[in-house]
Amino acid sequence: MGVRAIRRLGCIFAVPFTSQAAVLLLREIWYLIQKDFRLEWRQRAALNGMLLYVGSTVFVCYLSFSLRGGELPAPAWNALFWIILLFTAVNAVAKGFLQESRGRLLYYYTLVRPQAVILAKIAYNALLLLGLALVGLGVYAMVLGNPVQQMPLFVGNVLLGALGFATTLTLVSGIAAKATNSSTLMAVLGFPLMIPMLLLLIKVSKNALDGLEFEASRNALLTLVALNLIVGAVSYLLFPFLWRS
Amino acid sequence: MKKNWWKALAVLLLLYTAVAGLLMPVPRLAILNETIRNLYFHVPMWFGMTIILTTSVVYSALYLRNPSARLDTKSHEFAKTGILMGLVGLATGSLWARFTWGTWWTSDPKLNGAAIAMLIYGAYLVLRSSFNDEQQRARISAIYNIFAFAAAMPLFYILPRLTDSLHPGAGGNPAFARYDLDSDMRMVFYPAVIGWTLLGLWLSQLSVRTSLLKQKMYEKQLA
């Protein structure tokens with residue numbers, strides 16, 4: 001590798017950026033998010049399906065644990081909650097790029113920047129996952145009991161979790177949609193990438209369950225934000241290459 | 001010969017590592033005893049793996065800039081060598097843990113982080129094998145390679161430092177900076193790092209060549 005190769009490498013990711021372009025980008029993102037919500041609302045089958053998915057998973061957990069009788073211990077409550085959210089997130093995000101038809105994708109390509117597409121998809125998925133997670137939390141707390149002592153911290157953590165799952169899984173679903181066996185790939189690619197995030201989330205929410213002070217979870221929360229930023233930045237840089245195909 | 005001096009250097013350094021690493025005196029420490037010599041074999045694996053995986057990511061980025069089958073082959077073969085070194089690192093670490101901690105595997109952030117990172121790279125190999133179109137496979141695996149690197153490196157170098165760990169060099173446990181104030185061990189450790197890394201480069205170079213030759217033979221058959 002010579003000097004030229006390194007110099008070439010330097011300008012790969014250089015994206016021309018001015019304040020005007022930033023405003024345009026934000027406007028494009030806004031329209032794309034609106035479009036995604038409108039589509040979702042028009043074909044409510046998918047949305048209802050996801051809500052039912054969360055609800056029935058929670059209920060299955062409730063029934064399986066109530067056979068033994070008695071309350072769930074707090075660590076098990078916590079782990080179960082996050083595993084339910086993990087599977088819901090994988091299922092909900094997976095359809096993001098799969099349901100877009102080829103023709104419609106081509107149409108976007110002529111209209112907007114790829115960065116706008118990925119950021120809009122991330123934002124939309126984050127909002128969708130947040131909604132699903134809050135509904136899930138409500139049902140879950142209703143049937144399995146609510147041992148959380150620090151509700152604001154717990155909900156904030158769920159918010160960060162939805163954002164993190166969305167950032168990681170959106171690019172992964174874009175990658176998986178291009179391959180032949182996309183549903184298997186979604187799990188194979190997504191799960192290992194999400195484990196570090198999941199571990200931090202479980203740790204913070206355990207702190208919230210035990211009613212520890214905010215100080216105890218500050219480092220973990222900061223790391224979560226940093227991880228989200230890394231993954232988001234990498235998605236932003238890489239998506240333009242993904243969408244050329 | 002002018003071009004191949006580094007291969008001779010790799011052989012010499014590794015011979016030196018094997019002989020000096022097993023025979024030179026080491027600090028006498030309780031529990032660790034002679035297993036401290038694993039420093040010359042286990043730790044260089046991770047150094048080498050990081051360097052080789054970084055090379056693979058650079059090739060992937062160059063591929064995205066300027067697609068060619070050659071760059072794709074290079075990034076793939078370097079990633080495979082990196083994964084191999086990571087697996088050897090896990091194996092040597094596990095063996096060491098058996099004699100020091102009394103167990104092959106324990107739930108430690110550093111160990112789990114390394115295992116998850118290996119899973120992430122395992123997914124890279126699965127991803128590669130699930131495309132029919134060669135160009136699409138090349139581009140998408142280049143994208144995933146960069147993504148995986150960004151996700152895996154914090155697992156090795158950042159997340160374990162934030163929590164307590166049994167592993168030497170973390171959570172107040174001594175690492176080699178504290179064992180060998182007489183710096184005897186550094187005399188073997190640094191050559192070992194360079195030697196193992198050069199061996200990894202050599203391995204990747206050979207597998208890149210084999211792979212390119214195979215592609216050429218395939219093209220000839222088609223023609």
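Our structure is the block above this text.
Residues numbered from 1 in each chain as written. Chains lettered and ligands numbered in written order. Predicted model: local features only at pLDDT ≥ 70, side-chain atom pairs only at ≥ 80, totals over all residues. Heavy atoms only, no water.

Trainee: Could you give an account of the overall build of chain A, with specific residues and numbers?
Mentor: Along its length, chain A carries nine helices and zero strands. For chain A, the α and β elements follow one another from N to C terminus as α-α-α-α-α-α-α-α-α. Its C-alpha radius of gyration of 20 Å places chain A within 12% of the 18 Å reference for a compact globule of 245 residues. Its C-alpha atoms give chain A principal-axis dimensions of about 65 × 40 × 35 Å. Buried positions account for 48% of the 245 residues belonging to chain A. Look at the contacts in chain A between residues 6 or more apart in sequence, and 85% of them connect residues 24 or more apart. Put simply, chain A shows about 12100 Å² of open surface, and 67% of that area lies on carbon and sulfur atoms. (Helix = DSSP H or I, 4+ residues; strand = E, 2+ residues; numbered from the N terminus. Rg over C-alpha atoms; globule rule 2.2 N^0.38 Å. Buried < 20%, exposed > 50% of the residue type's maximum accessible area, 1.4 Å probe, protein only. Contact = heavy atoms within 4.5 Å. Areas by Shrake-Rupley, 256 points an atom, 1.4 Å probe, with all protein chains shown as cover.)

Trainee: Provide a residue-level description of helix H2 (residues 42-65) of chain B, including the pertinent values.
Mentor: Think of an α-helix as turning once every 3.6 residues; residues three or four places apart then point the same way. The end-to-end C-alpha distance of H2 of chain B, which contains 24 residues, comes to 35 Å, matching closely the 34 Å that a straight helix rising 1.5 Å per residue would cover. The buried fraction of H2 of chain B amounts to 18 of the 24 residues, a majority that puts the element mostly inside the structure. (Expected span 1.5 Å × (residues − 1).)

Trainee: Go over the interface of chain A and chain B with me, naming the residues and quoting the values.
Mentor: Counting residues at the interface gives 34 residues for chain A and 29 residues for chain B. Carbon and sulfur atoms make up 82% of the surface buried where chain A meets chain B, a total of about 2900 Å² over both sides. Our count for the chain A to chain B interface comes out at one residue pair in polar contact (both at pLDDT 80 or more). Its residues placed into classes, the side of chain A that touches chain B shows 24 nonpolar, six polar and four charged. (Buried area = accessible area lost by both parts, 1.4 Å probe. Polar contact = N/O pair within 3.5 Å; in protein donor to acceptor, adjacent residues only side chain to side chain. Nonpolar A, V, L, I, M, F, W, Y, C, P; charged D, E, K, R; others polar.)

Trainee: Account for the nonpolar core, with residues named and values stated.
Mentor: In terms of nonpolar packing, the biggest core is built from 138 residues, with Trp77, Leu129, Tyr140, Phe165 and Ile175 of chain A together with Tyr144 of chain B touching the most fellow members. No other element matches helix H5 (residues 134-157) of chain B, which puts 15 residues into this core. Once residues within four sequence positions are removed from consideration, tyrosine 140 of chain A is found in contact with Val58, Leu72, Ala76, Trp77, Leu80, Phe81, Ile84 and Gly145 of chain A. (Core = buried A, V, L, I, M, F, W, Y, C linked by side-chain atoms within 4.5 Å.)

Trainee: Can you explain the side chain of aspartate 108 of chain B? Please cite residues and give values.
Mentor: Residues and elements named next belong to chain B. Take aspartate 108: it is sitting in the loop between helix H3 (69-100) and helix H4 (109-128). Here aspartate 108 occupies a buried position and makes no salt bridge, while the nearest side chain of opposite charge, lysine 110, is found at 7.7 Å. Apart from the residues within four sequence positions on either side, aspartate 108 is in contact with Ser165, Leu166 and His167. (Lys, Arg positive; Asp, Glu negative; His and termini not counted. Salt bridge = Lys/Arg side-chain N within 4 Å of Asp/Glu carboxyl O.)

Trainee: Help me get a handle on helix H9 (residues 214-242) of chain A, residues and values and all.
Mentor: Here H9 of chain A spans 40 Å end to end across 29 residues, near enough to the 42 Å set by a 1.5 Å rise per residue. A maximum bend of about 30° is found in H9 of chain A at tyrosine 236 of chain A, where proline proline 240 of chain A lies one to four positions downstream. (Bend = angle between axes of the 7 residues up to and from the residue.)

Trainee: Explain the packing of H2 of chain B against helix H8 (residues 186-222) of chain B residue by residue, including any values.
Mentor: Residue and element names in this part refer to chain B. Across the interface, H2 lies against H8 with an axial gap of 8 Å and an inter-helix angle of 45°. When the axes of H2 and H8 are compared, the pair comes out oblique. For the element pair H2 and H8, the recorded crossing hand is right-handed. For the pair H2 and H8, contact is made by Val43, Pro44, Met45, Phe47, Gly48, Ile51 and Ile52 and by Phe189, Ala192, Val193, Trp196, Thr197, Gly200, Leu201 and Ser204, respectively. (Axes fitted to C-alpha atoms, helices over the stretch in contact; angles between N-to-C directions. Parallel < 35°, antiparallel > 145°, perpendicular 65-115°, else oblique. Left-handed = near helix turned anticlockwise from the far one by under 90°.)

Trainee: How would you explain the environment of glutamate 134 of chain B if you had to name every residue and give the values?
Mentor: Tracing the backbone through its elements, the reader meets glutamate 134 of chain B in helix H5. Sequence separation between glutamate 134 of chain B and aspartate 72 of chain B is 62 residues; the distance between their C-alpha atoms is 9.9 Å.

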